[in-house]
Amino acid sequence: MPFGPVVVADPGSGAAYARAVRLGNSRSWLATFQQFGAPGFPVHRSDDDGHTWHPLSNVPSTGDAPGVWLQPFLYELPRAFAGFPRGTLLCAGNALGDFTSTRIQLYASRDRGVTWTFLSTVAEGGAPIPENGNTPVWEPFLLLHNDRLICYYSDQRDPRHGQKLAHQSSRNLRTWGPVVDAAVGTDYAQRPGMTTVARIHERLWILTHEAGGNSGDNFYAVHYKLAADPESFGPARDIVLRDQDGYVPSAAPAVSWSDAGGPHGTIVVTANSDQDLFVNRHRGDPGKWTRVSSAVPGGYSRQTIPLDGSDSSRRPGLLFIVTGPYYAENGPIQAGVVPLT
């Protein structure tokens with residue numbers, strides 16, 4: 001179908017960071033986003049592959065969500081874990097409260113997003129001031145790997161780094177292990193941020209982030225790392241993403257992987273700087289990034305979710321996209337399906 005279905009036509013000031021999750025292998029989806037002044041994250045549902053949407057719930061319930069909430073992430077458990085059945089939905093977000101702290105909090109829903117229960121605080125930092133020398137935490141991303149749920153986030157609490165990428169893991173969704181570095185700058189002033197991760201091969205994972213700071217290309221250049229274990233990105237080489245013409249996209253990247261497009265599938269990266277997508281069909285080879293034209297509107301931390309070829313009702317190479325407006329602009333939250341190739 002052509003892109004364009006609207007999740008929310010007028011979501012209000014500061015609407016961005018749109019996120020979605022497919023419910024199993026069904027035609028049903030949930031979507032959410034951040035919005036300044038809203039209590040928590042509004043959740044909308046579609047039961048027709050994103051053609052139409054209706055309000056469903058809020059994370060957390062509106063009576064339990066004072067203050068501003070930023071940077072939601074939705075995740076469906078692909079198997080039973082920590083006492084929760086397969087298909088349980090998780091939502092992580094950054095609770096700013098009265099602006100004296102930042103807290104990455106985790107909620108769960110056993111009823112497909114109708115009600116949500118608080119599980120734990122993954123990490124807590126200082127006031128939400130995105131400047132070096134302050135100590136907030138930002139931008140959670142969830143991934144279940146082996147017997148642990150990993151929560152990646154941006155961390156300003158380390159006095160050696162203005163900001164770094166870190167993760168913590170949990171076996172029970174209520175207590176969390178030590179902070180592990182995923183990416184640090186080459187000097188204190190750099191600010192790696194906005195982690196997303198995708199599996200691109202049985203034994204290979206990719207992490208994307210914006211550089212933040214003078215990294216020799218542009219201020220918020222998209223960087224990526226490749227590692228055999230999603231908990232071991234720290235020592236991996238940090239690579240600047242350059243397309244076939246040497247162009248470097250920037251800001252708010254998000255990565256996904258499609259099984260379509262060739263024997264190695266297709267890595268898909270989106271960034272705030274461009275409406276086009278950046279793809280790699282060679283397992284992240286730095287010299288093999290190409291730009292793919294797209295009718296999809298750009299947006300601040302736009303998310304792509306490939307629809308894999310195991311679904312016989314779909315042709316291969318389709319991409320579900322959810323997006324809000326560009327950074328500091330107002331506009332609708334939209335979601336739809338477009339061809340990747």
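Residues numbered from 1 in each chain as written. Predicted model: local features only at pLDDT ≥ 70, side-chain atom pairs only at ≥ 80, totals over all residues. Heavy atoms only, no water.

1. Let's talk about the pairing of strand E16 (residues 222-227)
1) Next: Burial analysis of E16 places five of its six residues in the buried class, which makes it a mostly covered element.
2) Next: Sheet topology note: the strand E15 (residues 204-210)/E16 ladder contains six bridges and is antiparallel. Within E16, the residue paired with Glu210 across the bridge is Val222. (Buried < 20%, exposed > 50% of the residue type's maximum accessible area, 1.4 Å probe, protein only. Helix = DSSP H or I, 4+ residues; strand = E, 2+ residues; numbered from the N terminus. Pairing = 2+ DSSP bridges.)

2. Regarding the sheet that holds strand E9 (residues 117-125)
For sheets, the rule is that strands pair by backbone hydrogen bonds, running either parallel or antiparallel.
1) Next: With antiparallel pairing, four strands are arranged side by side in an open sheet as E6-E7-E8-E9. Either end of the sheet is taken by a strand with one partner, and the two such strands are strand E6 (68-76) and E9. Averaged over all adjacent pairs, the angle separating strand axes in this sheet is 20°, with direction ignored.
2) Next: With seven bridges joining them, E6 and strand E7 (residues 89-97) adopt antiparallel strand pairing. Among the inter-strand pairings, Tyr75 is bridged to a residue of E7, identified as Leu90. (Axes fitted to C-alpha atoms, helices over the stretch in contact; angles between N-to-C directions.)

3. Points about the side chain of Ser258
1) Next: The residue Ser258 is located in strand E18 (residues 254-258) in this model.
2) Next: Setting aside residues up to four positions removed in sequence, Ser258 forms contacts with Gly265, Thr266, Pro306 and Leu340. (Contact = heavy atoms within 4.5 Å.)

4. Section: the pattern of salt bridges
1) Next: Scanning the entire structure with this criterion turns up 14 salt bridges.
2) Next: Across the salt bridge formed by Asp147 and Arg171, the nearest N and O atoms sit 2.2 Å from each other. Note that Asp147 is positioned in the loop between strand E10 (137-145) and strand E11 (148-155) and Arg171 in the loop between strand E12 (164-170) and strand E13 (180-183), a separation of 24 residues in sequence.
3) Next: You can call Asp147 partly exposed: its relative accessible area is 35%.
4) Next: Bridged by salt links that share partners, the residues Asp147, Arg148, Arg171 and Glu231 form one connected network. (Salt bridge = Lys/Arg side-chain N within 4 Å of Asp/Glu carboxyl O.)

5. Remarks on the nonpolar core
1) Next: Formed by 34 residues in total, the largest nonpolar core has its most connected members in Tyr75, Leu90, Leu106, Leu142 and Leu149.
2) Next: Apart from residues lying up to four places away in sequence, Tyr75 is in contact with Val21, Thr88, Leu89, Leu90, Leu142, Leu143, Leu144 and Leu149.
3) Next: Counting residues in hydrophobic clusters, the runner-up holds 17 residues, among them Ala15, Phe320, Val322 and Val337. (Core = buried A, V, L, I, M, F, W, Y, C linked by side-chain atoms within 4.5 Å.)

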